Amino acid sequence: MMKASEIMTQDVVTIRGSATVAEAIELMKIRGYHTLVVDRRHEQDAYGIVTESDIVGKVAAFGKDPKRMWVYEIMTKPCISINPDLGVEYVARLFTNTGIHSAPVVQGKLLGLVTMSDILHKSDFVEQPKEITLSTEIQKAIENARAVCAEKGAASKECAVAWEVVEELQAEASHQQAKTHKSAFDEYCEEFPEAAEARMYDV
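Residues numbered from 1 in each chain as written. Predicted model: local features only at pLDDT ≥ 70, side-chain atom pairs only at ≥ 80, totals over all residues. Heavy atoms only, no water.

(A) Spatial organisation of the side chain of Asp45. Take Asp45: it is sitting in the loop between β2 (35–38) and β3 (48–51). Overall, Asp45 belongs to the buried group, its relative accessible area being 13%. Among the polar contacts made by the side chain of Asp45, one reaches the main-chain amide nitrogen of Arg41 at a distance of 3.0 Å. Engagement of the side chain of Asp45 in a polar contact is seen with the side chain of Lys77, the distance being 2.7 Å. Not counting residues within four places of it along the chain, the set of residues in contact with Asp45 comprises Arg40 and Lys77. (Helix = DSSP H or I, 4+ residues; strand = E, 2+ residues; numbered from the N terminus. Buried < 20%, exposed > 50% of the residue type's maximum accessible area, 1.4 Å probe, protein only. Polar contact = N/O pair within 3.5 Å; in protein donor to acceptor, adjacent residues only side chain to side chain. Contact = heavy atoms within 4.5 Å.)

(B) Molecular detail of unusual backbone geometry. Of the consecutive residues Lys77 and Pro78, the connecting peptide bond is found in the cis state with omega at -5 degrees. Along the chain, Pro78 falls in the loop between α4 (71–74) and α5 (88–98).

(C) Main features of the sheet that holds β3. Taken in spatial order, the three strands make up an open sheet running β1-β2-β3, and their pairing is mixed. If you trace the sheet from one side to the other, it starts and ends with β1 (14–15) and β3, each paired once. Summarising the sheet, β2 and β3 pair through four bridges and their orientation is antiparallel. Residue pairing across strands places Leu36 opposite Val50, the latter belonging to β3. (Pairing = 2+ DSSP bridges.)

(D) Just the nonpolar core, in detail. Residues Ile142, Trp163, Val166, Tyr188 and Ala195 are the most contacted members of the largest nonpolar core, which totals 18 residues. Dropping the residues within four chain positions of it, Ala195 is found in contact with Ala154, Phe185, Tyr188 and Cys189. Core analysis: the next-biggest nonpolar cluster, separate from the first, contains 15 residues, Ala24, Val38, Val59 and Ile74 among them. (Core = buried A, V, L, I, M, F, W, Y, C linked by side-chain atoms within 4.5 Å.)

(E) Region of the structure containing the environment of Leu169. As for its position among the elements, Leu169 is in helix α8 (residues 157–177). Each C-alpha atom, one on Leu169 and one on Ala141, is 8.5 Å from the other, the two residues being 28 residues apart in sequence.

(F) Structural view of the pairing of strand β4 (residues 102–107). Taking burial as the measure, the six residues of β4 include five buried ones, the bulk of the element. Relative to strand β5 (residues 109–115), β4 is paired through six bridges, and the arrangement is antiparallel. Bridge pairing links Pro104 to Leu113 in β5. Between the antiparallel neighbours β4 and β5 lie one residue, among them Gly108 with a positive phi of about 85 degrees.

Rendered as structure tokens:
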């Protein structure tokens, strides 16, 4: 799975919260961006974000003068930020669940900005859909679990751990499909009921 750092735009445009909305509009026009990151005032401060939607919905829609309004009046701060190592699939879910269309990538400092367009045009979800690769991973994990259990015993700790790996992968697949189904471990327990007891172990 590609990471946020692999699709983010590194040439991020920042603006001060004390700048006027008119200055923000001009900066967006010059750079051709729909989003500006509002810079921190100091290292302990949070980043903010101001978008075209903020300007249209909070300024233009009410006939206000952008030269007499400041960015800090319409920005979102603190804004949702993304870890550079977060998988693109999870960035997409975050955008969907929160209704945002862009977010700064931060790890101590501002590294970049990820937008809906970045997900569509830079990620590999068309060439390598997670559903297919996840299915392959699940089959390999099932084969491994069965091999471990055959060697160590159905009631062994190693067997239980191997099946936990399978169930974690299947849980992820179920989340993607938005439905539940009988897990591979449940099917295994139908063959070897004693395997269920192996789940009661001390880590």
